[in-house]
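Structural description and commentary
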Amino acid sequence: MSELGKLEDLPKEYVESLTEKNLVPLWPSLRAALPHGIPARRTQPTLWKYKDIHPRLLEAGDLTPIEAAERRVLVCANPGLGLENMQATPSIYIGMQLIKKGETAPNHKHTPSAVRFVVEGTGGYTVVDGEKLPMEKGDLILTPAGLWHEHGTESEDNIIWLDALDLPTIFALEASYALEGPSQTIRNRPDKSQAEYIRSGLIPYKSLSKQRPAYPLLRFPWASVKGSLEALSTVTDRGEAVQLAYINPETGQECMPVLGFSAIMLRPGESLTLPHRSASAVLNIVEGKGQARIDGSELDWEDNDTLAIPTHAKAQIVNLSSSKPAFLFQIDDAPMQRKLGFYEEFS
Ligand code: 1HN
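This section reports on the structure supplied with the text. (Residues numbered from 1 in each chain as written. Predicted model: local features only at pLDDT ≥ 70, side-chain atom pairs only at ≥ 80, totals over all residues. Heavy atoms only, no water.)

Some details on the overall build of the protein chain
Keep this limit in mind: Where helices and strands are cited, they refer to DSSP runs of H or I of at least four residues and of E of at least two residues respectively, numbered from the N terminus. Every radius of gyration here is taken over C-alpha atoms, with the globule rule written as 2.2 Å times N^0.38, N being the number of residues. We call a residue buried when its accessible area falls under 20% of the maximum for its residue type, exposed when it is over 50%, and partly exposed in between, using a 1.4 Å probe and counting protein chains only. Note on contacts: a residue pair is in contact if any heavy atoms of the two residues lie within 4.5 Å. Computed by Shrake-Rupley with a 1.4 Å probe, the accessible areas treat only the displayed protein chains as cover when residues are assessed.
Within the protein chain, the secondary structure is distributed over eight helices and 23 strands. By the compact-globule yardstick of 20 Å for 347 residues, the protein chain fits well, its C-alpha radius of gyration being 22 Å. Considered along the principal axes of its C-alpha atoms, the protein chain spans approximately 70 × 50 × 50 Å. Counting only residues that meet the buried cut, the protein chain has 48% of its 347 residues in that class. For the protein chain, contacts bridging at least 24 residues in sequence account for 74% of all contacts bridging at least 6. Surface exposure of the protein chain reaches about 17,700 Å², of which carbon and sulfur atoms provide 55%.

Let's talk about helix H7 (residues 222-233)
Let me state the cut-off plainly: One less than the number of residues in a helix, times 1.5 Å, gives the span that helix is expected to have. By construction, the arc corresponds to the directions joining the helix axis to the C-beta atoms.
Here H7 is twelve residues long and its end C-alpha atoms lie 16 Å apart, about the 16 Å a rise of 1.5 Å per residue gives. Where H7 is concerned, the buried positions are Trp 222, Val 225, Leu 229 and Ser 233. Down the axis of H7, the buried side of the element spans an arc of 70 degrees, and every buried residue falls inside it.

Overview of the pattern of salt bridges
What counts, and what does not: For this analysis, a salt bridge means a side-chain nitrogen from Lys or Arg found within 4 Å of a carboxyl oxygen belonging to Asp or Glu.
All chains considered together, the criterion is met by 20 salt bridges. The partner of Glu 16 in a salt bridge is Lys 12, and the shortest N-O contact between them spans 3.4 Å. Of the two residues, Glu 16 and Lys 12 are both situated in helix H1 (residues 12-20); the distance of four residues between them amounts to about one turn of the helix. Between Arg 187 and Asp 129 there is a salt bridge whose closest N-O contact spans 4.0 Å. Separated by 58 residues along the polypeptide, Arg 187 in the loop between strand S11 (178-180) and helix H6 (193-196) and Asp 129 in the loop between strand S6 (124-128) and strand S7 (131-135) bring together distant segments of the chain. A relative accessible area of 33% means that Arg 187 is categorised as partly exposed. Take Asp 129: its relative accessible area is 35%, and that puts it in the partly exposed class. The network of salt bridges with shared partners includes Lys 49, Lys 289, Glu 302 and Asp 305.

Here's the deal with the site of the ligand
Which entries qualify depends on this criterion: For this purpose, a residue is taken to be near a molecule or strand whenever a single non-hydrogen atom of the residue falls within 4 Å of it. Between N or O atoms, a polar contact is any pair within 3.5 Å; within protein, one atom must be a potential hydrogen donor and the other a potential acceptor, and residues adjacent in sequence are included only when both atoms are from side chains.
Close contacts around the ligand come from Arg 71, Tyr 93, Gln 97, His 108, His 110, Arg 116, His 149, His 151, Asp 163, Leu 165 and Leu 167, and that covers them all. In this structure, Arg 71 approaches the ligand through a side-chain N or O atom, which is 2.8 Å from an oxygen atom. The separation between an oxygen atom of the ligand and a polar side-chain atom of Gln 97 is 3.0 Å. For the ligand, the protein covers 85% of the area, taking 330 Å² as the surface of the free molecule. Elements with a contribution of two residues or more to the shell around the ligand: strand S3 (93-99), strand S4 (104-110), strand S9 (149-153) and strand S10 (159-165).

Describing unusual backbone geometry
Leave glycine aside and you will find that most residues have negative phi; peptide bonds, for their part, are mostly trans. Non-glycine residue Asn 22 carries a positive phi angle of around 55 degrees. For Asn 22, a relative accessible area of 72% gives the class exposed. For Met 86, which is not glycine, the phi torsion reads 50 degrees and is therefore positive. With respect to the helices and strands, Met 86 occurs in the loop between strand S2 (73-75) and S3. The partly exposed category is assigned to Met 86, whose relative accessible area is 36%.

Quick notes on the side chain of Asn 78
The residue Asn 78 is located in the loop between S2 and S3 in this model. At 3.0 Å, the side chain of Asn 78 forms a polar contact with the backbone nitrogen of Gly 80. Apart from residues lying up to four places away in sequence, Asn 78 is in contact with Arg 42, Thr 43, Gln 44, Thr 46, Trp 48, Leu 83, Gln 87, Ala 88 and Ala 308.

Structural notes on helix H3 (residues 50-63)
With 14 residues, H3 should reach 20 Å at 1.5 Å per residue; the first-to-last C-alpha distance of 19 Å fits that figure. Looking at H3, one finds that the buried residues are Tyr 50, Ile 53, Leu 57, Ala 60 and Gly 61. Seen from one end, H3 has its buried residues packed into an arc of 100 degrees, which puts them on one side. Among the exposed residues of H3, those pointing more than 90 degrees away from its buried face are Lys 51, Asp 62 and Leu 63. On its buried side, H3 packs onto strand S1 (46-48), S2, S3, strand S5 (114-120) and S10.

Re the pairing of S6
The cut-off we apply is this: By this definition, two strands are paired if DSSP reports at least two bridges between them.
Across the five residues of S6, five count as buried, placing the element largely inside the fold. Side-chain alternation along S6 places Gly 124, Thr 126 and Val 128 on one buried face and Tyr 125 and Val 127 on a second face that is also buried. Summarising the sheet, S6 and S7 pair through five bridges and their orientation is antiparallel. Opposite Gly 124, over in S7, you have Met 135 as the bridge partner. As consecutive antiparallel partners, S6 and S7 are separated by two residues, and within that stretch Asp 129 has a phi angle of approximately 50 degrees, a positive value.

Observations concerning the environment of Ala 178
Positionally, Ala 178 belongs in strand S11. For Ala 178, a relative accessible area of 44% corresponds to the partly exposed category. For the pair Ala 178 and Pro 134, spaced 44 residues apart in sequence, the C-alpha separation works out to 24 Å. Among residues more than four places away in sequence, those in contact with Ala 178 are Lys 109 and His 110.

Spelled out as structure tokens, the structure:
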């Protein structure tokens, strides 16, 4: 393979004449844009400890009223990607949001798609497209692109959840914007999806002949996810992943276009090698104590901690408890990579 020409090899006057006409020679930058074998990665394996986030989020609750914040969030920013860019991985935005007793976060809709994964507190709710969805620890709530959503809490508690958005991609497309609106009228059938999609394998009959709803399930209660993981663990060999994907029950496909969501159970003492693959991911620990080994970094995690896994990383997660299972929630960008036609798993 021949060495590619460098910018310095070209006459200064020639380069200047290109610059003047908004032209750039490709060959000096080709290998940086298209490295051989493995992509250039700036994303660092990163751990955000909940014990570091929690007191600072409560402090934000004292320092900044909700009216002055709109959304009171501390963003988990990957240091390798520049903190100001607010990326946990190149495609995944992650933040921790606090709503205090009596507060509401106003109604809006936007082009990025979002989910909420509840970390702490009871009695929170999100209204999505007129449906009032309760939020309890571990529940996953979808707020897809273009659907109105607003949040609040009806208990004495603070409520804290993790926001995951496809914002980095939508922003890079110069397509990220929001609209504000008046508070939604709540339909008198709270969370109807929990009655319509109560069991896998069964969908409302009418949806076979009608156009299928784009987002039939907006809430995935943790209690049923956890129960399903426990059942799956009884028929899964040790060392093999006990993992469930959140899907659209009408299509069987991932429930959002860019980001995918799944839940993992690690049995006591279990060590799991994650697939070596092209997707990046973020893990949030629902409960448990363990270690992640990601490309040579050893990161010790416990309840509510959050971890970033770069693309093409070699990663292993270990449950360090010999008596209790650990439960993790995963966000990844495999759905977008599959649609773009380059998703890969390496053996
Ligand atoms: C957003 O709409 C929410 O609705 C939270 O709670 C975090 C971060 C960036 C852009 C939009 C929310 C967000 C966000």
